[in-house]
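# Coordinate inspection notes
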Amino acid sequence: MSGRAESSHLTETELAALIYAAGQNRDIERTAYAHLAICAECTQLLGEMREADGATRKALASIDVPTPPASAATIIRLAQGHARSFKLAHGWRVAASVAALVVVAAAAAAIPASPVHRFLVRTFGAGDRIARPATTPSPAPVAVAPPGVSFVPGPDSPLEIVFTGSGMGGSVNIRIVDGDRVSLSNQDGSATYSVSSTRISINESRPGVFQLEIPRSLREVRVRAGDSVLFERAPARKSSADSVTIDLTGSKLRR
Amino acid sequence: MNAPERSDSEARLAEFAESFRQLFDAQYASLFRYLHRLTGDADLAEDLAQEVFVRLYQRGSLPDDSRGWMATVAHNLLRDDKRTAKRRLHLMQSRPLDLGGGAAPAADEKTLADERRQSVRRALAKLSERDRSMLLLRHEGYSYREVAHAVGVSEASVGTLLLRATAAFQAALEESES
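The structure presented is a predicted model; accordingly, all values stated were derived computationally and were not measured.

## Focus on the overall build of chain B
Across its full length, chain B carries eight helices and zero strands. Secondary structure elements of chain B occur, N-terminal to C-terminal, as α-α-α-α-α-α-α-α.

## A closer look at the interface of chain B and chain A
Counting residues at the interface gives 42 residues for chain B, matched by 36 residues for chain A. Looking at the side of chain B that touches chain A, the elements that each hand over two or more residues are helix H1 (3-39), helix H2 (42-59), helix H5 (107-126), helix H6 (129-138) and helix H8 (158-177) of chain B. Ranked by the residues each element gives to the side of chain B that touches chain A, the list is headed by H1 of chain B, at eleven residues. The residue inventory of the side of chain B that touches chain A, partitioned by class, reads 20 nonpolar, ten polar and twelve charged.

## Thoughts on helix H3 (residues 40-61) of chain A
Residues and elements named next belong to chain A. Between its first and last C-alpha, H3 extends 32 Å over 22 residues, near the 32 Å set by a 1.5 Å rise per residue. Here H3 has its buried residues at Asp-53, Thr-56, Ala-59 and Leu-60. Around the axis of H3, the buried residues are gathered within 125° of arc, so they sit on the same side. Turned more than 90 degrees from where H3 packs its buried face, Ala-40, Gln-44, Gly-47, Glu-51, Gly-54, Arg-57, Lys-58 and Ala-61 sit exposed.

## Remarks on the nonpolar core
Among the nonpolar cores identified, the biggest contains 56 residues, and Leu-31, Leu-35, Ala-49, Val-52, Phe-53 and Val-147 of chain B are the most heavily contacted of them. With ten residues, the top contributor of residues to this core is H2 of chain B. In this structure, Leu-218, Val-223, Ala-225 and Ile-246 of chain A belong to the second largest nonpolar core, which totals 24 residues.

## So, the pairing of strand S7 (residues 208-215) of chain A
Residue and element names in this part refer to chain A. Pairing analysis gives eight bridges linking strand S3 (residues 170-177) to S7, with the strands arranged parallel. Pairing of Ile-176 across the sheet is with Ile-214, part of S7. Pairing of strand S4 (residues 182-186) with S7 involves four bridges; the strand directions are antiparallel. By the bridge assignment for S7, Ser-183 is matched with Glu-213.

Rules and cut-offs
- Residues numbered from 1 in each chain as written.
- Chains lettered and ligands numbered in written order.
- Predicted model: local features only at pLDDT ≥ 70, side-chain atom pairs only at ≥ 80, totals over all residues.
- Helix = DSSP H or I, 4+ residues; strand = E, 2+ residues; numbered from the N terminus.
- Contact = placed C-beta atoms within 7 Å.
- Nonpolar A, V, L, I, M, F, W, Y, C, P; charged D, E, K, R; others polar.
- Expected span 1.5 Å × (residues − 1).
- Buried ≥ 20, exposed ≤ 12 C-beta atoms within 10 Å, placed from the backbone.
- Arc of directions from axis to C-beta.
- Core = buried A, V, L, I, M, F, W, Y, C linked by C-beta atoms within 7 Å.
- Pairing = 2+ DSSP bridges.

Structural data, given as structure tokens:
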């Protein structure tokens, strides 16, 4: 760029380098400033661009909010528990899928007119076995944990559980437990969650019953639906019941 | 694993943890601010910033271009979640009033500040995704190389694209305020 004729105007690249990358390319800056010393047009253009840059910085600063507190220790703890939580949630999904397949297949085979039934009769020629559901062993029950989230929070970190989904209804059964994990789940699996070290957000959900387990050691917990605080466990409030049900529709507490 | 190997491994882990803490202390606020400006949602920005650092820790080593890497991961997290994208757009267009912070100003001042924030949000929403990211990264002090890495353009084109993004933003802001 140092070979540019001083009589030609500055390029956008040179102007940008003076504004956004000052001090990073001495060659470009040297030749650019040599040109600016003799070119009022480029000097004016650079001034306008710098003004626009300053106005942009000011405008962007006007939308800032305070940075929420966070610590590397919390992130590390979360990172170490994250994989376990993910694996658990993934395991639930797989188990639920297998259970659903078993139930659907068994139901289809038990209906005499169903294609599955006819296929089995044709294939194995053992209509008796298929046609007598009373003698057919029922599929073994599969224990499926409800879908949800589970992690170990920091003992001193306040935790907030926020229901943000539209059309939220149903209820939350809150239990104070002796373990060290926070667990939140709902039976029908319709909810989606965002999890950080200090917050669980329930973003979308059909009305349903959520199960929330809070370690007894966690001293500050708050449950909100939108802006309404429905449940609060704070150090100042010594007597939190071990079991509480919150009505998400009417924001009522049942004990 | 014998004792010397374990000792080496522990030393490397401790060294990484220390580097991670330093990077976190230096960059968390900046990443949160960038993501808040980008999404208009403080809760989402906090979640994303924390998730980026969680993934960085789980990576087990710091990338050469840590800030570019973090911005790229944050962008991918945003893109991966369509519900988040819908929510972000909704917030940027419909709910700019809840973005304020700091001490409570007088009613008139607050109204003006709210109007200003709405205008800035509307102007940002009018930019292309790439221009918006570049502009916001630039104002978080990202270098040409880091911006190029984060948004997937050549380093040589960053300056020109930034000039154009700034001009587009100023034009959109003027239109939004008129």
